[in-house]
Amino acid sequence: MSFSTLLLTFIFLFTAVSASAATVPQTSDLKLTEQEKSFLAAHPVIRVGGPKAFPPFYYYDEQGRPQGIGASYVEILTQKLGVKVKHRPAAPWPEVLNGVRGRQLDLVGCIAKSTDREAFAEFSAAYLTMPIVIVTRTDAPFISGLNALQGWKMAIIRQVATSSWLEKEKIKVDPVWRDTPLEALKAVSLGQADACIDNLASASYLIKKYGLLNLKIAAPTSWGEYQLSFAARKDWPLLISSMNKALATLTPEQHNDLLNRFMAVRFEHGVRREDIFHWVLLSGVPLALLTLAALYHNRRLRREVNERVRAQKETNQTNGSLKATMADLKRVEEALRRSESKFRSLFESSRDAVMLLDEDRFVDCNQATLEMFGCTHAEEFIGKGMEDFSPDIQPTGESSVSAIQKNVATAMAEGSVFFEWMYKKADGAEFPAEVRFGDVEVDGHTLLQALVRDISERKCMEKKLKLLALTDPLTGVDNRRSFLEKGKRELVRSLRYQHSLAFLMLDVDHFKAINDTYGHQAGDLVLQELTSHSQQVLRHNDMFGRLGGEEFALLLPETDLCKAKEVGERIRCALENLAVEYEGQTIRFTVSLGLSVLKGNSDTMIKVMSRADSALYQAKAEGRNRLVAG
């Protein structure tokens, strides 16, 4: 069974700004260091470039002006830093990368971080994160993930990491090379390729804008999330540190306003709900109604035939015409049997469960119903009500009996009703379903017919996608967006009840050296061990999240400055004494921490984080492997 519609509007990670909401503070508000201020004063004009056709993130309009989320970020953050921007003309992506490598370009406004690019560029914190998905035509067979792509013709964009990722997963495909995401999607739409891989937001934007209505988001990948950052030339790390501080001052409202200007994401796994409903209305419902009406009418005719047989048998006992009469009745019964057999065949061929109710009791069902509910005979259904196959309480908190009565009343009053329902199988196992109630008139008697579709797979996918949107795929803890949202709620609660609140920022010392010496897999293992051992020190209500790269954050509710220092020192000591074993080598590392606490009713999450970030920078400047309170 294919998945039903998945309509998810993703509020993407670490994102977006509104020009109307943005104000331009003085650089002193950003707590820039003297080195950063001097750097910006010495470089008042920044040469900026980006992808020429990567909507909605970065692209050029017909007048050659940069547009999109990344371009807007660049505009607002450079205003905050007090520098001007000189946009480079649109150029192929390899030329943009070469421009940064050769230092003819100072900043790229939209780029994904990778190991080979770190050799010639410095990367900012990610300002946008979204899942990586597989796109196919709507008539393509169901696929569950990457392994289904073996041997497929794949539209792959040049100079992106897709081909290396597929090779790493040992998935052999027939590549169809294209230069832009739009060209890759068009190749799939026109049948030149079977599928392509893109990030969810870009694919959804292009499908909608260019009317590629025969495409669908078929499945997520196992590659985690696609992160976009800024990248500066390698000899300009002070530009990146300054932009990170400017980025940290943006409010969630500014982030969300920007996304709303450029994106409205629609995610479909399989066919659309509108298509399913349209199909049911145009084909399934008339067929089911015709079948059920015939069955019900035939049964009434059969009863009439039987009554007529008995009456005529008594009447004809004296006139010798019983034989002829019985022959006529047998011919009528045979015609009824053939009619009922024909419609029963159509009724049973439906893949969805189809049931007929008289008032609130089942009077018939098809074979798909028995299979769905784990029953053997129709008698297990006939005479029972919907509440007999439902838990006492629905997920909404309403009792099943009450909810059934409301839906039945709506269907009888309005002709139909469509809703989700939690059913219970014969063995007690529960499963979610989509249900459509509709009334049907049979010989002057109004019956209720129900079409039921199991949506367990869809609900499972929704849960996975929600988890994907809120957690860091490497460490399993809250990602930046989830952590900041929870932190904002906790800060409001602390202010309301006058509770103390502490915030810690943690950064791995010399993490790049670990990657350079032992490899990125070893670096990933270090981050995983750091997460595990840090959480062992925390309470169950403390919050721990990964902000990006080797930077983590902790939020300690109802914790004052003194107790927060104790927690931070326990974590620092635990990590200092930790030995990470990797391929026969022992890796040791230290961390630096910046601490701040909630100071008053005027405090905000941005202010608390800014103080902690400044304290962390001071801890680094004083020699690392220490905690500094700000």
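Residues numbered from 1 in each chain as written. Predicted model: local features only at pLDDT ≥ 70, side-chain atom pairs only at ≥ 80, totals over all residues. Heavy atoms only, no water.

**Topic: the confidence of the model for the protein chain**
On average, the protein chain scores 82 in pLDDT, and the residues at 70 or more come to 81%. Element-level pLDDT for the protein chain is lowest in helix α9 (residues 273–316), with a mean of 51, against a maximum mean of 98 in strand β23 (residues 591–597). Within the model, pLDDT remains below 50 along residues 1–26, and this stretch shows 107 contacts once partners closer than five positions in the same chain are excluded. Low pLDDT (under 50) marks residues 264–291, which in the prediction has 76 contacts with non-local residues, meaning those over four places away or in another chain. (pLDDT = per-residue confidence, 0-100. Helix = DSSP H or I, 4+ residues; strand = E, 2+ residues; numbered from the N terminus. Contact = heavy atoms within 4.5 Å.)

**Thoughts on the pattern of salt bridges**
Within the structure shown, the criterion is met by 31 salt bridges. For the salt bridge of D388 with R361, the shortest nitrogen-to-oxygen distance reads 3.9 Å. Taken together, the residues span a long stretch of sequence, with D388 in the loop between α11 (367–373) and α12 (400–414) and R361 in strand β14 (residues 361–365) at a distance of 27 residues. Residue D388 is classed as partly exposed on the basis of its relative accessible area, which comes to 39%. Across the pair E420 and K459 runs a salt bridge whose closest N-O atoms are separated by 2.9 Å. (Salt bridge = Lys/Arg side-chain N within 4 Å of Asp/Glu carboxyl O. Buried < 20%, exposed > 50% of the residue type's maximum accessible area, 1.4 Å probe, protein only.)

**Some thoughts on the sheet that holds strand β3 (residues 58–60)**
Judged by pairing direction, the sheet is antiparallel, and its 3 strands sit side by side in the order β2-β3-β4 without closing on themselves. Taken across any chain shown, the strands that pair with only one partner, and hence form the sheet edges, are β2 (53–54) and β4 (66–67). (Pairing = 2+ DSSP bridges.)

**Here's the deal with the packing of aromatic side chains**
Tallied over the entire structure, the rule returns 18 aromatic pairs. Centroid distance Y73 to Y127: 4.5 Å. Interplanar angle 45°. Geometry classified as tilted. Residue Y73 is found in helix α2 (residues 69–81), and its partner Y127 is found in the loop between β7 (121–123) and β8 (128–137); the two are separated by 54 residues along the sequence. Both residues of the pair, Y73 and Y127, belong to the buried class. An angle of 20° between the planes, with centres 5.5 Å apart, marks the rings of F544 and F552 as stacked. The class for F544 is buried, based on a relative accessible area of 6%. An aromatic cluster of three or more residues is present, and its members are F362, F373, F381, F389, Y423 and F431. (Phe/Tyr/Trp six-rings, centres within 6.5 Å; stacked < 30°, edge-to-face > 60°.)

**Brief notes about the packing of helix α5 (residues 181–189) against helix α6 (residues 200–209)**
Contact geometry of α5 with α6 gives a least axis separation of 10 Å together with a crossing angle of 65°. Taken together, the axis directions place α5 and α6 in an arrangement best described as roughly perpendicular. In this structure, α5 meets α6 at a crossing whose hand is right-handed. Residues P181, L182 and L185 of α5 form the contact with α6, whose own contacting residues are S202, A203, L206 and I207. Considering only residue class, the contact of α5 with α6 consists of 6 nonpolar, 1 polar and no charged. (Axes fitted to C-alpha atoms, helices over the stretch in contact; angles between N-to-C directions. Parallel < 35°, antiparallel > 145°, perpendicular 65-115°, else oblique. Left-handed = near helix turned anticlockwise from the far one by under 90°. Nonpolar A, V, L, I, M, F, W, Y, C, P; charged D, E, K, R; others polar.)

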